[in-house]
Amino acid sequence: MSNIIVTLHDAPSKMTDQAIQEVVQKFSKVLQGEFRNTEAMSSSYKAYMTALGDDGITLSKDMQSKAESFHKAYVKAAQLALGSRKMNEETRFDVRIAA
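Residues numbered from 1 in each chain as written. Predicted model: local features only at pLDDT ≥ 70, side-chain atom pairs only at ≥ 80, totals over all residues. Heavy atoms only, no water.

(A) Just the nonpolar core, in detail. One finds Phe27, Leu31, Phe70, Phe93 and Val95 to be the most contacted residues of the largest nonpolar core, which totals 27 residues. Those elements giving two or more residues to this core turn out to be β1 (3-9), α1 (17-33), α2 (38-52), α3 (61-82) and β2 (92-98). A per-element tally of this core places α3 first, with eight residues. (Core = buried A, V, L, I, M, F, W, Y, C linked by side-chain atoms within 4.5 Å. Buried < 20%, exposed > 50% of the residue type's maximum accessible area, 1.4 Å probe, protein only. Helix = DSSP H or I, 4+ residues; strand = E, 2+ residues; numbered from the N terminus.)

The following block contains the structure:
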């Protein structure tokens, strides 16, 4: 079973710790909801991380598809979690998935 760890980086200083925690929880819930199970999410995450790497690795069509599905899920989760909050350009979610 995979374990997802999400951290919000560079949140505006005006955000309370509770607001940050709520945003992170919503992001995690939406992200997980985009996949049929934790194995699918983990597989897509690994493909996405491989695609981001600068190792010169050529991804198969299946791996490209998985990487794209993780990226789309990430963007959707971020948009829904942050809502209309004004974030700075450096605001981002750091996602780690461990087995």
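(B) Seen up close, unusual backbone geometry. Positive phi outside glycine occurs at aspartate 10, with the angle close to 60°. Note on placement: aspartate 10 falls in the loop between β1 and α1. Overall, aspartate 10 belongs to the partly exposed group, its relative accessible area being 40%.

(C) Up close: the packing of α2 against α3. The N-to-C vectors of α2 and α3 enclose an angle of 100°; their axes lie 7 Å apart at closest approach. When the axes of α2 and α3 are compared, the pair comes out roughly perpendicular. Of α3, the residues touching α2 (which contributes Met41, Ser43, Ser44, Tyr45, Ala47, Tyr48 and Ala51) are Met63, Lys66, Ala67, Ser69, Phe70 and His71. A per-class count over the contact of α2 with α3 returns eight nonpolar, four polar and one charged. (Axes fitted to C-alpha atoms, helices over the stretch in contact; angles between N-to-C directions. Parallel < 35°, antiparallel > 145°, perpendicular 65-115°, else oblique. Contact = heavy atoms within 4.5 Å. Nonpolar A, V, L, I, M, F, W, Y, C, P; charged D, E, K, R; others polar.)

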